[in-house]
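Here is what each chain is made of, one letter per residue.
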Amino acid sequence: MDPTAWAREDIRSLRAYEHAAWDPRYERLHANELPWRMPGDRSVAGLNRYPEPHPHALEAQLARQYAVDANQVLAGRGSDEAIDLLVRAWCTAGRDQVVLCPPTFGMYAVAARIQGAGIVPVALRREQDYAPDLPALLRATALERTRLVFLCSPNNPTGQLLADAVIERVLEAARGHALVVVDEAYIEFSGSPGWSARLSQWPHLVVLRTLSKAFGLAGARVGALIADPRIVALLRTIIPPYAIAQPSQEAALDALRPAQKSVSAARIAAIVDAREKLTAALTASPAVERVWPSSANFLLVDFHEPERAATALREQGLIVRAFPGAPGLERSLRITVGSAEQNQRIIEGLR
Ligand SMILES: *Cc1c(COP(=O)(O)O)cnc(C)c1O
């Protein structure tokens, strides 16, 4: 089944902007660029030149990283851009809707509101360690106007991985009318292989990965949408030309070099180790009511007096995330696992 069949009709018939031809064999007098680099420009390609409009080398490298084919990958400005493009292409304003499971990453709802799509929230159940309410999630997924179901695994801000069986059931309920988007921004810290290996089985599955978290490239803004080639091709018609800036392409290619693999692996292992130590230390702190189990590089922590805790951490020069007004998270702070020295200061600050 073609997963673009239920995308917006006007997007499916859109012709993409035709950018200047890209053929590095010729000298470029067709794109109105200056012939000189600025002094101090240390990029490989020269910032006086537009970047490659469709970043083939980057997408090929991302495909190798995630063990998929290059035509299954769309590079974007962070996975945030992928979220926005999906909602734009699959949701007709005022008619279609997205399903999400709060508390979760805020961008899904923001992208839906910008597009004028409806939002069907299916709350995670705090009393069940923030597991989803599966029957309610399946009912929301099955609604005729549902076009996207956002599943965040591990979930931000609660930290837990979704069970494979839950994702499978949602994929079954979505068949024929909705895409299931599994946002794996933190999957590297979870020990789970993630879902990209199962794409051939599910043409309406979309996996989001990013270089912002485990690869330490948040400033470069590079993420990957991984999906059926027909989904990728449709989104390619609406992503802005030259989306990935040249310094970002070069930084991402550098970070994904095979020689850097061991660096990233060691850093991920160090964060996972520090997460377990910080969990133990926080659990022992009298200021802490509960530390939720985490498969990511942050901890959701409930405090007896959350405002006092946040103030104490700020006095240590540390800022953590609070969730004013979010139901169920009134006493919670989300704390990123930092360096050993920073983690030590967290514990000292709470003493
Ligand atoms: C941080 C985060 C992202 C955004 O990543 P970018 O690639 O930097 O845009 C996506 N999803 C979740 C759940 C996140 O926490």
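Scroll up for the structure.
Definitions and limits used
- Residues numbered from 1 in each chain as written.
- Predicted model: local features only at pLDDT ≥ 70, side-chain atom pairs only at ≥ 80, totals over all residues.
- Heavy atoms only, no water.
- Core = buried A, V, L, I, M, F, W, Y, C linked by side-chain atoms within 4.5 Å.
- Buried < 20%, exposed > 50% of the residue type's maximum accessible area, 1.4 Å probe, protein only.
- Helix = DSSP H or I, 4+ residues; strand = E, 2+ residues; numbered from the N terminus.
- Contact = heavy atoms within 4.5 Å.
- 1 Å grid on protein atoms, 1.4 Å probe; cavity = no way out; pocket = protein on both sides within 12 Å on 5 of 7 lines; lining within 4 Å.
- Points joined across faces, edges and corners; volume = space filled by probe spheres on them.
- Nonpolar A, V, L, I, M, F, W, Y, C, P; charged D, E, K, R; others polar.
- Phe/Tyr/Trp six-rings, centres within 6.5 Å; stacked < 30°, edge-to-face > 60°.
- Near = heavy atom within 4 Å.
- Polar contact = N/O pair within 3.5 Å; in protein donor to acceptor, adjacent residues only side chain to side chain.
- Areas by Shrake-Rupley, 256 points an atom, 1.4 Å probe, with all protein chains shown as cover.
- Sits in = over half its atoms within 2 Å of the grid points.
- Pairing = 2+ DSSP bridges.
- Arc of directions from axis to C-beta.
- Axes fitted to C-alpha atoms, helices over the stretch in contact; angles between N-to-C directions.

**Details of the nonpolar core**
- Counting 111 residues, the largest nonpolar core has Trp 90, Leu 148, Leu 225, Leu 235 and Leu 282 as the members making the most contacts within it.
- A total of seven residues in this core trace back to one element, the largest contributor, which is helix 3 (residues 78-90).
- Excluding residues that lie within four positions of it along the chain, Leu 148 makes contacts with Leu 86, Val 87, Trp 90, Cys 91, Gln 97, Val 98, Val 99, Ala 178, Leu 179 and Val 181.

**Quick look at empty space enclosed by the protein**
- In total, this model carries one cavity of 30 Å³ or more according to the counting rule given.
- A volume near 60 Å³ is recorded for the largest cavity.
- Around the largest cavity, the lining residues are Cys 101, Thr 104, Leu 124, Pro 132, Phe 150, Leu 151, Cys 152, Asn 155, Gln 160 and Leu 162.
- Of the residues belonging to the lining of the largest cavity, the class tally is seven nonpolar, three polar and no charged.

**Describing the packing of aromatic side chains**
- By the definition in use, this model includes five aromatic pairs.
- Arranged with centres 5.6 Å apart and planes meeting at 75°, the rings of Phe 105 and Tyr 108 form a pair that is edge-to-face.
- A relative accessible area of 0% means that Tyr 108 is categorised as buried.
- When the centroid spacing of 5.0 Å and the interplanar angle of 85° are considered together, the rings of Tyr 186 and Phe 298 count as edge-to-face.

**With respect to the site of the ligand**
- Lining the immediate environment of the ligand, one finds 13 residues, of which Asp 183, Thr 210, Ser 212, Lys 213 and Arg 221 sit closest.
- Within the backbone of Asp 80, a nitrogen or oxygen atom sits 3.0 Å from an oxygen atom of the ligand.
- Its free accessible area being 390 Å², the ligand has 94% of it covered by the protein chains.
- Applying the majority rule of atoms within 2 Å of the grid points places the ligand in the largest pocket.
- No other element matches helix 3, which puts three residues into the shell around the ligand.

**What about the pairing of strand 4 (residues 146-152)?**
- Taken across its seven residues, strand 4 has seven buried, putting it largely inside the fold.
- Pairing geometry for strand 2 (residues 97-100) and strand 4, over three bridges, is parallel. When the bridges of strand 4 are listed, Val 99 appears paired with Val 149.
- Across five bridges, strand 4 lies against strand 5 (residues 179-183) in parallel orientation. Bridging across to strand 5, Leu 148 finds its partner in Leu 179.

**Digging into the environment of Ser 248**
- By secondary structure assignment, the location of Ser 248 is in helix 8 (residues 246-255).
- For Ser 248 and Gly 219, which are 29 residues apart along the polypeptide, the C-alpha to C-alpha distance reads 8.4 Å.

**Looking at helix 11 (residues 340-350)**
- Of all the residues in helix 11, the buried ones are Asn 343, Ile 346, Ile 347, Gly 349 and Leu 350. The arc enclosing the buried residues of helix 11, seen along the axis, measures out at 165°, which places them on a common side.
- Summarising the contacts, the buried residues of helix 11 are in contact with helix 9 (261-283), strand 9 (298-303), helix 10 (306-315) and strand 11 (332-336).

**Some details on the side chain of Asp 228**
- Here Asp 228 shows up in the loop between strand 7 (223-227) and helix 7 (229-236).
- Take Asp 228: its relative accessible area is 13%, and that puts it in the buried class.
- From its side chain, Asp 228 meets the backbone nitrogen of Arg 230 in a polar contact 2.8 Å long.

**Some thoughts on the sheet that holds strand 4**
- The seven strands are arranged 1-7-6-5-4-2-3 in an open sheet whose pairing can be described as mixed. Both outer strands of the open sheet, strand 1 (73-76) and strand 3 (118-121), are each paired with one neighbouring strand and no more. Within this sheet the neighbouring strands show an average axis-to-axis angle of 20°, counted without direction.
- Contacts between helix 2 (residues 56-66) and the sheet are confined to strand 1, strand 6 (205-210) and strand 7, with strand 1 contributing the most and set at about 115° to the helix.

**Some points on the layout of surface pockets**
- Of the pockets and cavities examined, the largest pocket occupies roughly 590 Å³.
- Lining the largest pocket are 33 residues, with Ser 212, Lys 213, Ala 214, Phe 215 and Gly 216 positioned closest to its centre.
- When contributions to the lining of the largest pocket are tallied by element, the ones reaching two or more residues are helix 3, helix 8, helix 9 and strand 11.
- Take the lining of the largest pocket: its biggest share by element is seven residues, from helix 9.
- Partitioned by chemical class, the residues of the lining of the largest pocket number 16 nonpolar, 10 polar and seven charged.

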